[in-house]
Amino acid sequence: MQSSFIHRLYGPVPEESSDGQFNVDSILNELGSFGKYQVLLLLLLAFRDSFLAMCNFNYVFTAADVPYRCVVPECDLSDDRFNASWTSFALMNDTRSCQRPQLYDSMFHSNVVEDWTIANNGTCSPERFNFNRTMPCEKIVYEDYNSIVAEFDLGCQPWKRTMIGSVHNLGLVVSFLLSGFISDRYGRKVIIIMTPLAVAIAGLIKSFSVNYWMLLVFEFLETALGYGNASMVLSLETVSHKRRVMFSCIADIMASFGSSFFGLIAWRIPYWRDLMRAIYAPLLVVVFYIFLMDEGVRWLLAHNKNDEAVRVLNKVAKINNITLSNKAKETLTKISHQKTKSDQAGGDNNQKSHLLSVLRSKKILLRVVLMAACFFCGIFVYIGTVINSTSLLGNKYFNFSMVLLVAVPTRVITALTLTKFGRKAPICAAYCLCAIFFIASVFVPKSVWWASVLLYVMAKMCTSYGLFSLTVVAMEVFPTTSRNSLTNAANTVGRLGSALAPQAPLLEQYMTGLTSIVFGLVSLGPAVLALMFPDTSEADLPDHVTDAERLGEVHAQESSELQHRSDVDFIATCKEQR
């Protein structure tokens, strides 16, 4: 405890911890956070994550709602344009209705029909339509055929359209559990490379779907086999604790900037099959990451691959043109020759420190439950906000890109505030503001629609800030040996919220603005729950369960020691003055 206190006061010193493991944080400090090696890593992750984000939101445009109307044979024969002049009297007031006025002459005998038609000068005239009685559309026609909705004729089956987004997000439930286990068991690099390839292959096959059900199957397989959050785990584990929030924020800024181009791509390539191929095919390039990326050092050390960890650290030093201090070199030598207690005992005990054994800790289990609840609320609001952005006034492609692009200034604010004010207070404040902005946007008069859009965008910034910060906290409160598994276990519950999010816009049928009100109320959940986590802003990433359990205790004791030292200095000063 005393050595940890000295470490906080006087800076990192390579040393052996109480459990026999060597402190690598000080070596990462010496290697720097933004050298050539880290910049290359940021660029590789940005390319991967940008296109993954586009694919993750593909259904926003590929399954976009399309204006449609009933086919009226009596009128379409003379003018079959979608917005023909006769639509004003031959259709219901709601052009998207799957009902149309019944013909008066359909109730009479055929010879009466012929006489009536001749008397009224043609087959398409206002007098023929009885708005007091309706009939179902035999066929509907769409304004354009760029969307899945039009091509598979889903206009009168809106639940099938929203089901695409729900199935997509349900697949993420499987994905985060699977990728978390594989990442902690076989390494971060495996997931970083394999998941984009799985997404690319499934997505390209999906673009050749011959019917709705085939598309739905590959929509699920794409997300079940791909995605995960190994990129963020690797970025957090690559640098020292003083720079991990900044490094992760920069990585996310680059990915958000790249993914914001999806709106522009969808604008220029409106047809859904071509759009899918344009965003899924580039992910095949990730196969070359096998030669361009290294495994995470912390994962290697936690799994006793010490020689490989030392090789990676020396490689970083060489690429960054940094000469390590003698103490750092001694630490590397000790690490390379170290045999852990688990190796000496038989070798298989280390694997028992994964998901099931970690959950025996009541503290860790409580954190998983709390984080799961936070993710459920946070992801529901975040995904719902992005999906609902295309229904805002203005150009839907621009609105979508703007909603994603606000993550850039949000991450700058995140990097500054999470480092200065800790974790809990900023998250609570962000979600409280989120609730206020969402609910306030509903009551803005339509005459000042721009104010409503501005409040919506500000609410999106807050939910983006909150969700990213929650993910950072999740990475920091769980041990390295099970960090991705536990984070993704909590994230799995959160993905149930994302499965509900595509259904949220349907609330507008009951009350205008109800969707935003629901988003605001749900935002209050993580605002309260975040206060129950330990503050990890000044703590090293825990490698083992015992380290993770002591996070809150260590911070409290060190604060007490600092306060005690301050009190002693104050008393001494007073005595000198006397």
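See the structure printed just above.
So, a few notes on the structure that sits alongside this text. Quantities reported herein were computed from a predicted structural model and do not represent experimental measurements.

A word on helix α27 (residues 483–500)
The end-to-end C-alpha separation of α27 is 26 Å, in line with the 26 Å expected for 18 residues at 1.5 Å each. Of all the bends in α27, the greatest, near 30°, is centred on T492. A large share of α27 lies buried, amounting to 15 of its 18 residues.

Structural notes on a nonpolar patch on the surface
Together, L170, V174, L178, V217, F220, L221, L225, V493 and L496 give the surface a local cluster of nonpolar side chains, amounting to about 680 Å² of exposed area. Contributing elements (two or more residues each) for the nonpolar patch: α9 (158–186), α11 (212–225) and α27. When residues in the nonpolar patch are grouped by element, the largest group, four residues, is from α11. Here F220 is to be found in helix α11. By relative accessible area, F220 is classed as partly exposed at 30%.

So, helix α26 (residues 449–477)
Between the first and last C-alpha of α26 there are 42 Å, a value that for 29 residues agrees with the 42 Å anticipated at 1.5 Å per step. Burial analysis of α26 places 23 of its 29 residues in the buried class, which makes it a mostly covered element.

Considering empty space enclosed by the protein
Enumeration according to the criterion identifies six cavities of 30 Å³ or more in this entry. One number sums up the size of the largest cavity: a volume of about 880 Å³. As for the largest cavity, its lining consists of 35 residues, of which A53, G228, D252, Y382 and R495 are closest to the centre. For the lining of the largest cavity, the secondary-structure elements that each account for two or more residues are α3 (36–56), α9, α12 (230–238), α13 (244–259), α22 (362–388), α24 (407–421), α26 and α27. The class makeup of the residues in the lining of the largest cavity is 18 nonpolar, eleven polar and six charged. Estimates place the volume of the second largest cavity at around 220 Å³. Taken together, 21 residues line the second largest cavity, and the ones lying closest to its centre are Y37, L41, T238, V312 and V316. Secondary-structure elements contributing two or more residues to the lining of the second largest cavity are α2 (25–31), α3, α12 and α18 (306–319). Here the lining of the second largest cavity takes five residues from α3, the largest share from any one element.

So, the packing of aromatic side chains
The full count for this structure, using the stated rule, is 17 aromatic pairs. Taken together, a centroid distance of 6.3 Å and an interplanar angle of 5° make the contact between W267 and Y397 stacked. Linking W267 in helix α14 (residues 262–268) with Y397 in helix α23 (residues 396–405), this pair joins segments that are 130 residues apart in sequence. By relative accessible area, which is 48% here, W267 ends up partly exposed. Taken together, a centroid distance of 5.7 Å and an interplanar angle of 80° make the contact between F438 and Y456 edge-to-face. On the criterion of sequence distance, the pair formed by F438 in helix α25 (residues 424–442) and Y456 in helix α26 is long-range, its members being 18 residues apart. Neither residue differs from the other here; F438 and Y456 are each classed as buried. Through a chain of ring-to-ring contacts, the aromatic side chains of F57, F61, F262, W267, Y397 and F400 assemble into a single cluster. Here the basic side chain of K160 rests over the ring of Y212, its NZ or CZ set 5.3 Å away from the ring centre. Between the NZ or CZ atom of R185 and the centre of the ring of Y186, over which it lies, the distance is 5.0 Å.

Conventions we followed
Residues numbered from 1 in each chain as written. Predicted model: local features only at pLDDT ≥ 70, side-chain atom pairs only at ≥ 80, totals over all residues. Heavy atoms only, no water. Helix = DSSP H or I, 4+ residues; strand = E, 2+ residues; numbered from the N terminus. Expected span 1.5 Å × (residues − 1). Bend = angle between axes of the 7 residues up to and from the residue. Buried < 20%, exposed > 50% of the residue type's maximum accessible area, 1.4 Å probe, protein only. Patch = residues over 30% accessible without salt bridge, like charges linked within 9 Å, V, L, I, M, F, W, Y side chains within 5 Å. Areas by Shrake-Rupley, 256 points an atom, 1.4 Å probe, with all protein chains shown as cover. Salt bridge = Lys/Arg side-chain N within 4 Å of Asp/Glu carboxyl O. 1 Å grid on protein atoms, 1.4 Å probe; cavity = no way out; pocket = protein on both sides within 12 Å on 5 of 7 lines; lining within 4 Å. Points joined across faces, edges and corners; volume = space filled by probe spheres on them. Nonpolar A, V, L, I, M, F, W, Y, C, P; charged D, E, K, R; others polar. Phe/Tyr/Trp six-rings, centres within 6.5 Å; stacked < 30°, edge-to-face > 60°. Lys NZ or Arg CZ within 6 Å of the ring centre and 35° of its normal.

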